[in-house]
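Okay, here's what each chain looks like letter by letter:
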Amino acid sequence: MNFAASKRKKKKDVELICFILFAVLIPVIHWLVFYVYANGSSIVMGFTNSQGRLSFENFVRLYEEFKMPTSSIRIALKNTLITYVIGLVLFIPRILVSYFLYKQIPGASFFRIVFFIPSILFSVCVAMCFTRMVGTSGFIAKMVGDILGMDRVPELLADSRFANYVIWGQMIWLGFPGDMIIWGGTFARIPNEVLESAKIDGVTWWSEFTRITVPLVWPTVALKLVLTAATIFSATGQVFLLTGGGYGTVTLSAWQYITLLEGSGSRYTSNVYNYLSAVGIVMTVIAVSISLVIRKYTDKAFDDIDF
C-alpha cells in the first residue's frame, strides 16, 4: 500500500514538473526569439557594413547625414523633439484634468465621456474626421484663409507652411484624455480621511493638489515621467494618417519606416537594415541615459509614503 501511494506521489510530482516546464517553456522561447535574438541581431547589424564585415560605417553615415542642414533625419529629429515637448507640456494638464474629474466637478461624467470617446475610436476614423474638419471644405481652413487674407482656401495638410502646426494642434486636441484611467485609479487610492481632514483645515484645491495629492501619488508620476523620457525619439502624432510624412512633417518614426520601405539611395539600399539598426542603437543609448538621469532625480523629490 505504501509502495502504491509512493508511486502515485512520484507520478503527481512528475506531472507537476512537466506542467511547470511546459508553462514556462513557451514564454521563455518567446523571450529568447523575439527579444534576445531580435535585439541581439539588431545590435550586430548596426556594426555590420554592406559587405557583412564588422565596421562603424553605419555610424559614420549617420554622423555625416546629421551634419547636413537640410538632411531628412535632421528635419525628422526636429519634428520629433517638438512633438515630444508638446507631449511633455501636456503632462501636467492631463493630470489636472483627471484630478478635476476625480473630484467630481459639475458635468464630470459628461466630460469624461467626451474626452474618452476619441481614444476608443480607431485612429483611422479620428484622422478621417479631423481631415474633413481641416480640409478645404471645412470651416477651419476657411477661417485660416480669411485671417491671413488669402485669395483661396488653403490645403492645411498639403502645405508645408501649415501641416506641422495642424498635426501638433490635433495632438493637443486629443492629448487631454491621455492616461485618464490610470490617473483616476491612482487618485482613487488616496484615503478619504486625508482629504476630509485637509478640507476641514481650509486647504485650497491647489494646495491640496500640490502638497497632498502629488506627494501621495508621486511613485506613479515618477514612473510616467521615466516612461515618457524613454519614448523621446518615438514621439509622433498621426503623421502617416494625415500627411504620410510629407510636407515637412516627417518624424523619426515615420522617417525610419520610409527609409526602410523605399531605401535611401542606390548606394545604401542593400545596407538599409544595418543603417537603421545603427540609428536605433544611438537613439536607445540616448533615451536610456535620459531616463536614468530623470529616474535618479525623481526618486529624490519626495520620500516614500505608504497608505
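Residues numbered from 1 in each chain as written. Predicted model: local features only at pLDDT ≥ 70, side-chain atom pairs only at ≥ 80, totals over all residues. Heavy atoms only, no water.

A. Quick look at the pattern of salt bridges. This structure, assessed with the given rule, holds three salt bridges. Between R61 and E65 there is a salt bridge; the shortest N-O distance is 3.0 Å. Placement of both R61 and E65 in helix α2 (residues 57-67) is noted, with a separation of four residues, approximately one turn of the helix. The two residues R61 and E65 agree in class, both being buried. (Salt bridge = Lys/Arg side-chain N within 4 Å of Asp/Glu carboxyl O. Helix = DSSP H or I, 4+ residues; strand = E, 2+ residues; numbered from the N terminus. Buried < 20%, exposed > 50% of the residue type's maximum accessible area, 1.4 Å probe, protein only.)

B. Local environment of the state of the cysteines. Per the stated rule, a full pass over the model turns up zero disulfides. C125 takes part in no disulfide bond, and the closest cysteine sulfur, belonging to C129, lies 6.7 Å away. (Disulfide = S-S within 2.5 Å.)

C. Quick peek at the nonpolar core. Counting 31 residues, the largest nonpolar core has V134, L156, V166, F233, L252, W255 and Y275 as the members making the most contacts within it. The contacts of Y275, once residues within four sequence positions are left out, are N58, R61, L62, E65, I73 and W255. (Core = buried A, V, L, I, M, F, W, Y, C linked by side-chain atoms within 4.5 Å. Contact = heavy atoms within 4.5 Å.)

D. Inspection of empty space enclosed by the protein at higher detail. Following the criterion strictly, the structure yields one cavity of 30 Å³ or more and no others. Volume-wise, the largest cavity comes out at about 30 Å³. As for the largest cavity, its lining consists of T83, N164, I167, W168, G237, V239, T249 and T251. Of the residues forming the lining of the largest cavity, the biggest block, three residues, is contributed by helix α8 (residues 163-175). By residue class, the composition of the lining of the largest cavity is three nonpolar, five polar and no charged. (1 Å grid on protein atoms, 1.4 Å probe; cavity = no way out; pocket = protein on both sides within 12 Å on 5 of 7 lines; lining within 4 Å. Points joined across faces, edges and corners; volume = space filled by probe spheres on them. Nonpolar A, V, L, I, M, F, W, Y, C, P; charged D, E, K, R; others polar.)

E. Just unusual backbone geometry, in detail. You will see that Q104, though not glycine, has its phi angle at about 60°, which is positive. Given a relative accessible area of 51%, Q104 falls into the exposed group.

F. The arrangement of the confidence of the model for the protein chain in detail. On average, the protein chain scores 82 in pLDDT, and the residues at 70 or more come to 91%. Per-element confidence in the protein chain ranges from a low mean pLDDT of 76 for helix α5 (residues 108-120) to a high of 89 for helix α3 (residues 72-89). (pLDDT = per-residue confidence, 0-100.)

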